[in-house]
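# What the coordinates show
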Amino acid sequence: MYGPFLAKRNKERTESLQQLPQIENTWFAQNVTLLILEEVQLTTLQKMLYQVIQGLLRKKKQRHLQVVHPEQTQTAQENVLTLLAEYDDLLREAIPQPIYILIWQITSLEKLAYTTEVVDDVLDILEWYFVKQDEAVDAFEEEDLDHEEIIDLYKAAIEEQDADAQFELGEYYSTNDGADFQPEKSVKWFEIAVKQDNANAQYALANYYFEGIAVEENYDRAFMLYEAAAKQGHADAANNLADMYFNGESVAENMQLAKQWFEVAAKHGVAEAMFTLGIIYEQGLGVAVDEEQAFIYYKKAAEAGYVEAEYRLGGIYLEGHLGQTRDVNRGLYWFERAAEQYHVDAFYDLGFIWSKGLTGIRNIEKGIHWFKQAALQGDPEAKLQLGHIYNKGEGLAQNIKEAKKWYGLAAEAGIEEATLLLEELDKL
């Protein structure tokens, strides 16, 4: 369980802090162990933040330090808030943004719940203060700081035990954008919200366990969380649950249950589920082959913007599959849609269509353009086709130098035909 794990980790982190020489002869030497008491007081945590801020200002040799309200006339919370307000510019230059936000969040609390989780945040602050304080800090402007919104979320998550706020905090830390990306904190807040059966948090946390982000990869836990969220109507969770049945991950492969959950997800607009239902009907996986149904689902997924479906539909029209009349122009349209989403195979097929004139109009320049797009993404066959175009000089002047270049690149990618052709050109 996550709670006992976090409590154990907090204890280990606190004990590590006690061993630091930097903590000797400081206020923390006698008080840091208060963090691992069964009942930690909010006042204790805010006093620790006050000591951190005071220590930072003293380190500035009181160059900016002015007399503030006497400590005995204010609460610990009021003292910290006073310092944060009076020395905002200085502190934003001295404290990394994630730590600065944590200080504001914890200081703003009026009551304490989820003590273990809040202590975890305090430990982040203390570890920075004692271990990383001398590292360079990227100063940030006040307008770049969304601390009011994040403070409100934190207060709602802690004081009101609001599951939606807890999920949103997890999402905030999952943003893959520099300092904001702190997946361990995402896991913490998702875990708290999951205890309240928040479907969004169940889905998000399942993704972390499935992919092994900030936690050990655990398909069993991912499956249980996807299932819990799917049963609450979470469409993407239903799709991922179906995927696990489809691929036999954590459970035995079960095409009937996979199809059932894909249908749930598809009804709620999940394009990937529509696409997979197309595969199921086309290949007869757990059902009788039904080309009409396969085409319907592929088309729905493509119209919803799912790139693999766009590419598949292009191929269906180009080849005249699944009961459809061959229509190169329709195929071209869907390949272009897929290419807009940087589908490498669509790049290649567009190059082939234009270079071979499959629409009735041959356009070598467009063919070269699309083959180069595919080649730049590492497609070895596209490199081979470019070699052919320059070698044969069809639709443009022969260019042996360019042909050798592209055959060489194709040969390096393992295309044996390119190796042989390159040898022939070298003999000329």
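Residues numbered from 1 in each chain as written. Predicted model: local features only at pLDDT ≥ 70, side-chain atom pairs only at ≥ 80, totals over all residues. Heavy atoms only, no water.

### As for unusual backbone geometry
Going by this rule: Segments assigned H or I by DSSP are reported as helices when at least four residues long, segments assigned E as strands when at least two residues long, and all are numbered from the N terminus.
Backbone geometry places Asp197, a non-glycine residue, at a positive phi of 60 degrees. Unusually for a residue other than glycine, Ser250 sits at a positive phi of about 75 degrees. Mapping Ser250 onto the fold places it in the loop between α13 (235–247) and α14 (255–267).

### Quick notes on the layout of surface pockets
Where we set the bar: The method works on a 1 Å grid over the protein atoms by themselves. A cavity is a set of points holding a 1.4 Å probe that cannot get out, a pocket is an open set with protein on both sides within 12 Å along at least five of seven lines, and residues with an atom within 4 Å of a point line them. Grid points are joined across faces, edges and corners, and a volume is the space filled by probe spheres set on the points. Nonpolar residues are Ala, Val, Leu, Ile, Met, Phe, Trp, Tyr, Cys and Pro. Charged residues are Asp, Glu, Lys and Arg, and all others, Gly as well, are polar.
Put simply, the second largest pocket is a space of about 320 Å³. Residue lining of the second largest pocket: 14 residues in total, with Met1, Tyr2, Phe5, Glu191 and Tyr209 positioned closest to the centre. Looking at the lining of the second largest pocket, the elements with two or more residues in it are α1 (2–18) and α10 (183–194). If you tally residues by element for the lining of the second largest pocket, the top one is α10, at four residues. A class-by-class count of the residues in the lining of the second largest pocket yields eight nonpolar, no polar and six charged.

### A short note on the packing of helix α12 (residues 219–230) against α13
Quick note on the threshold: Every axis in this analysis is a line fitted to C-alpha atoms, fitted for helices over the stretch in contact. Angles between the N-to-C directions lie between 0 and 180 degrees. Oblique is the label for any angle not under 35 degrees, not over 145, and not in the 65 to 115 range, which are roughly parallel, roughly antiparallel and roughly perpendicular in turn. Note on convention: near helix rotated counterclockwise from far helix by under a right angle means a left-handed crossing. Clockwise means right-handed. The contact rule is simple, with two residues in contact once any of their heavy atoms fall within 4.5 Å.
Relative to each other, α12 and α13 sit at 135 degrees, their axes nearing to 8 Å. Relative to α13, the element α12 is oriented oblique. As α12 packs across α13, the resulting crossing turns out to be left-handed. Listed contacts from α13 to Tyr219, Ala222, Phe223, Tyr226, Glu227, Ala229 and Ala230 of α12 are Ala237, Ala238, Asn240, Leu241, Met244 and Tyr245.

### Focus on helix α16 (residues 291–303)
Our working definition: Each helix should span, by expectation, one fewer than its residue count multiplied by 1.5 Å. Only protein chains enter the accessibility calculation, which uses a 1.4 Å probe; a residue whose area is less than 20% of its type maximum is buried, one above 50% is exposed, and one in between is partly exposed. In this description, one arc is meant: the one made by directions from the helix axis to the C-beta atoms. Contacts described as polar in this section are N or O atom pairs within 3.5 Å, which, within protein, must combine one atom able to donate a hydrogen with one able to accept it, while residues neighboring in sequence count only if both atoms come from side chains.
With 13 residues, α16 extends 18 Å from end C-alpha to end C-alpha; this agrees with the ideal 18 Å at 1.5 Å per step. Listing the buried residues of α16 in full gives Ala294, Phe295, Tyr297, Tyr298, Ala301 and Ala302. Seen from one end, α16 has its buried residues packed into an arc of 165 degrees, which puts them on one side. The secondary structure elements touched by the buried residues of α16 are α15 (271–283), α17 (307–319) and α18 (328–340). For α16, the N-terminal cap is Asp290; the gap from its side-chain oxygen to the backbone nitrogen of Glu292 is 3.2 Å. Backbone geometry just after α16 places Gly305 at a positive phi near 90 degrees.

These values are about where atoms sit, not about what they do.
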